[in-house]
Amino acid sequence: MCSERCQLAIGACRIICFNLCRGLCCCTPPAPRPEYHVVCLGMSGAGKTTLLTLLQNGETTDDMEPTSGFNIKAIQFEEAILNVKEVGGAENIRPYWDRYYQHTQGVVFVMDSACSQEALQTVGSLLHGILSHESLRGLPFVLLASHQDKTETRSSEQLTKDLELEKLCAGRKWAVHPCSREDQGAVRQALEQFITFLFNTGKESEENRV
């Protein structure tokens with residue numbers, strides 16, 4: 001009787017071990033996160049490099065220099081990876097921005113929300129050229145209104161009105177997000193919404209092709 005119970009116990013243990021091993025060996029690996037390729041633009045001093053480095057590394061350094069050409073940063077999010085092509089914003093580089101638009105799935109624009117009125121007019125002119133460019137029409141767009149830690153900054157509502165964004169962004173998913181280097185969470189939240197725009201736009205494009 002005792003030997004039968006031992007045999008039953010051993011058999012049960014073998015079944016449990018077999019099922020555990022099968023579960024470990026045959027478990028389906030997690031699906032890879034989608035990757036999106038986007039371009040990041042803005043005038044010099046707007047904070048592009050600072051914000052992107054903060055997202056990528058979790059910290060910034062005081063000796064960072066403005067981007068003179070372009071950099072590519074892979075920023076990890078739980079739901080996706082953003083491959084961001086950051087292009088320098090110096091006046092002599094801006095005429096060549098459109099060379100970096102190829103294979104872009106979305107546009108990030110960073111501006112100093114406390115800039116002068118003259119600089120604001122320049123931003124408006126730049127955005128008009130960017131968002132009307134044939135390669136970028138209809139692509140998701142996010143405006144990061146940086147330097148919110150300064151005094152006399154403009155709100156999202158004010159920038160939307162002053163830059164005529166409702167008119168410029170017609171036909172695309174877009175948003176304006178205030179942020180600063182002191183608030184990494186706000187920047188991350190803005191780009192998480194941007195990822196949602198990218199996902200939905202891609203899904204709609206696939207449905208239209210069917």
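Residues numbered from 1 in each chain as written. Predicted model: local features only at pLDDT ≥ 70, side-chain atom pairs only at ≥ 80, totals over all residues. Heavy atoms only, no water.

### Looking at the overall build of the chain
Here is step 1: When its secondary structure is counted, the chain shows six helices and six strands.
Here is step 2: The helix and strand sequence of the chain, counted from the amino end, reads α-β-α-β-β-β-α-β-α-α-β-α.
Here is step 3: Here the chain, with 210 residues, has 40% of them falling under the buried criterion.
Here is step 4: When contacts within the chain are restricted to residue pairs at least 6 apart in sequence, long-range pairs at least 24 apart make up 73% of them.
Here is step 5: Of the roughly 12600 Å² that the chain leaves accessible, carbon and sulfur atoms contribute 51%. (Helix = DSSP H or I, 4+ residues; strand = E, 2+ residues; numbered from the N terminus. Buried < 20%, exposed > 50% of the residue type's maximum accessible area, 1.4 Å probe, protein only. Contact = heavy atoms within 4.5 Å. Areas by Shrake-Rupley, 256 points an atom, 1.4 Å probe, with all protein chains shown as cover.)

### So, the UniProt feature "binding site: Mg(2+)" (unreviewed entry) in the chain
Here is step 1: According to UniProt, the feature "binding site: Mg(2+)" (unreviewed entry) maps to Thr-49 and Thr-67 in the numbering used here.
Here is step 2: Looking at the element boundaries, Thr-49 is found in helix α2 (residues 48-57).
Here is step 3: Its relative accessible area of 15% is what places Thr-49 among the buried residues. (UniProt positions renumbered as here; feature names shortened; annotations may be inferred.)

### Overview of the pairing of strand β4 (residues 106-112)
Here is step 1: Summarising burial for β4: seven of the seven residues are buried, a large majority.
Here is step 2: Here β4 shows two buried faces, one formed by Gly-106, Val-108, Val-110 and Asp-112 and the other by Val-107, Phe-109 and Met-111.
Here is step 3: Here strand β1 (residues 35-41) runs beside β4; their pairing, made up of four bridges, is parallel. Residue pairing across strands places Val-39 opposite Val-107, the latter belonging to β4.
Here is step 4: Bridge count for β4 against strand β5 (residues 141-146) is six bridges, and the pairing is parallel. Bridge pairing in β5 places Val-108 opposite Val-142.
Here is step 5: Each parallel crossover has a hand, and the one from β4 via helix α3 (residues 117-131) to β5 is right-handed. (Pairing = 2+ DSSP bridges. Right-handed = clockwise from strand over helix to strand, strands pointing away.)

### A closer look at the confidence of the model for the chain
Here is step 1: Overall, the prediction assigns the chain a mean pLDDT of 85, with 78% of residues at 70 or greater.
Here is step 2: Note that pLDDT drops below 50 for residues 7-12; the model gives that stretch zero contacts with residues more than four away or on any other chain.
Here is step 3: Here residues 22-26 scores under 50 on pLDDT; set against residues more than four positions off or in separate chains, the count is one contact. (pLDDT = per-residue confidence, 0-100.)

### As for the pattern of salt bridges
Here is step 1: Counted by the stated rule, this structure contains two salt bridges.
Here is step 2: Close ionic contact of Lys-73 with Glu-86 constitutes a salt bridge, the shortest N to O distance being 3.3 Å. Of this pair, Lys-73 sits in strand β2 (residues 70-76) while Glu-86 sits in strand β3 (residues 81-87), and the two are 13 residues apart along the sequence.
Here is step 3: Given the relative accessible area of 1%, Glu-86 is considered buried. (Salt bridge = Lys/Arg side-chain N within 4 Å of Asp/Glu carboxyl O.)

### Considerations on the nonpolar core
Here is step 1: Trp-97, Phe-109, Met-111, Ile-130 and Leu-163 are the most contacted members of the largest nonpolar core, which has 29 residues in total.
Here is step 2: Among the secondary structure elements, those contributing two or more residues to this core are β1, β4, α3, β5 and α5 (165-168).
Here is step 3: Broken down by element, this core gets its largest block of residues, seven residues, from α3.
Here is step 4: Tyr-36, Val-38, Ile-75 and Phe-197 belong to the second largest nonpolar core, which has 26 residues in total. (Core = buried A, V, L, I, M, F, W, Y, C linked by side-chain atoms within 4.5 Å.)

### Focus: the sheet that holds strand β6 (residues 174-178)
Here is step 1: The sheet built from six strands is open, its strands ordered β2-β3-β1-β4-β5-β6 with mixed pairing. Looking at strand neighbours, the two that pair on one side only are β2 and β6, the edges of this open sheet. Each adjacent strand pair in this sheet contributes to an overall mean axis angle of 20°, direction not counted.
Here is step 2: Those strands touched by α2 are β1, β2, β3, β4 and β5, and its axis lies near 35° from that of β2.
Here is step 3: Against the sheet, α3 makes contact with β1, β4 and β5, and its axis sits at roughly 175° relative to β4, the strand it touches most. (Axes fitted to C-alpha atoms, helices over the stretch in contact; angles between N-to-C directions.)

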